[in-house]
Amino acid sequence: MEKLFKLLSDAQASLFVLFHKTWVYHWNVVGQDFQQLHTLFGGQYETMFEEIDRLSEHMRYLNVKPLSSLNRVLEVSKIKEASSSANAESMISDLLQSNNDFCDIMRSISEEAETQKQYATANLVQDLMESHGKFVWMLRSFTDSGSKKVQEEIEEILEFEEQIIEEVEETTEE
Ligand SMILES: [Fe+2]
């Protein structure tokens, strides 16, 4: 059980840092996608706030004390703090990486919990894995292969169509 308790305690710290990082980016993001990113990060930090509470209360049920010292949280977290110089693009890739890392942490706890037949713990961390997997998908949709590129391609096609129409009109006028 000791190993599982340690994993849960470290995971609580990682989730706390990821929550804080997402919240900081929610305030500090700038640029043409401001409104969408501000809202996306906002929804994610609100979800994480609930998740920290659920995880910490589950730890109390297992008779483990959740971390209360912020120094200790930063010491054991596997996820790094927010970067103060991040632009919108680096915020997205940072959160993408951190949420992916968090899913990996949840996967290893799930395996350990199932080995120890702690099914309630396995169920909880699997829920968190699904939730952060969804965050990964949403963040990935903002990268260059996502919505922006599709929008640019649509604009190029429309411009090309306009050119053809103009050329056809010119030819018929002649
Ligand atoms: Fe807000």
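Within any chain, residue numbers begin from 1 and follow the written order of that chain's sequence. Local features in this predicted model are restricted to residues of pLDDT 70 or higher, and side-chain atom pairs are both shown and tallied only at a pLDDT of 80 or more, whereas totals for entire chains, interfaces and linings draw on every residue.

Once that is clear, we can look at the overall build of the protein chain. Here a strand is any run of E in DSSP of at least two residues, a helix any run of H or I of at least four, and the numbering for each starts at the N terminus. Assigned secondary structure in the protein chain consists of six helices and zero strands. Along the chain direction, N to C, the helices and strands of the protein chain fall in the order α-α-α-α-α-α. At 22 Å, the protein chain has a C-alpha radius of gyration far larger than the 16 Å of a compact globule built from 174 residues. Counting over 174 residues, the protein chain shows a buried share of 24%. Of the contacts made within the protein chain by residues no fewer than 6 positions apart, 73% connect residues no fewer than 24 positions apart. We take the radius of gyration over the C-alpha atoms and set the globule estimate at 2.2 Å times the residue count to the 0.38 power. Think of it as a crowd count around each C-beta: if 20 or more other C-beta atoms lie within 10 Å the residue is buried, if 12 or fewer it is exposed, and in between it is partly exposed, with C-beta placed from the backbone throughout. Note on contacts: each residue gets a C-beta atom placed from the backbone, and two residues are in contact if those atoms are within 7 Å.

Let us now look at the environment of Ala-13. With respect to the element layout, Ala-13 can be found in helix H1 (residues 2-28). Here the alpha-carbon distance between Ala-13 and Gln-35, two residues 22 residues apart in the chain, equals 29 Å. Every residue in contact with Ala-13, bar those within four places of it in the chain, is listed here: Leu-67, Val-73, Val-76 and Ser-77.

What follows deals with helix H5 (residues 119-140). How far a helix is expected to stretch is found by multiplying one less than its residue total by 1.5 Å. Here H5 spans 31 Å end to end across 22 residues, near enough to the 32 Å set by a 1.5 Å rise per residue. All of the buried residues along H5 are Thr-121, Leu-124, Val-125, Leu-128, His-132, Phe-135 and Leu-139. For H5, the buried positions fall inside an angular range of 85 degrees around the axis, keeping them on one side. Exposed positions of H5 whose direction lies more than 90 degrees from the buried face are Tyr-119, Glu-130 and Trp-137. In this fold, the buried residues of H5 make contact with H1, helix H2 (34-61) and helix H4 (88-115). In this description, one arc is meant: the one made by directions from the helix axis to the C-beta atoms.

For each domain, the first and last residues come from an automatic or database assignment. Segmentation of the protein chain into domains returns domain 1 (2-143) and domain 2 (145-174). Taken over C-alpha atoms, the centre of domain 1 sits 44 Å from the centre of domain 2.

So, on to the nonpolar core. Throughout this description, the term nonpolar core refers to a group of buried Ala, Val, Leu, Ile, Met, Phe, Trp, Tyr and Cys residues whose C-beta atoms join them within 7 Å. Core analysis: the biggest nonpolar cluster contains 21 residues, and Leu-15, Leu-18 and Ile-109 have the highest contact counts within it. Elements represented by at least two residues in this core include exactly H1, H2, H4 and H5. Here this core gets eight residues from one element, more than from any other, and that element is H1. Residues Leu-95, Phe-135, Leu-139 and Phe-142 belong to the second largest nonpolar core, which totals eleven residues.

Next up on the list: the environment of Trp-27. Position of Trp-27 relative to the elements: it lies in helix H1. Sequence separation between Trp-27 and Asp-94 is 67 residues; the distance between their C-alpha atoms is 16 Å.

Here we come to H2. Relative to the 40 Å expected for 28 residues at 1.5 Å per residue, H2 spans 40 Å between its end C-alpha atoms, a close match to the ideal helical length. Along H2, the residues that are buried comprise Leu-37, Leu-40, Phe-41, Gln-44, Met-48, Leu-55 and Met-59. Buried residues belonging to H2 abut H1, H4 and H5. After H2 finishes, the residue Asn-63 shows a positive phi value of roughly 70 degrees.

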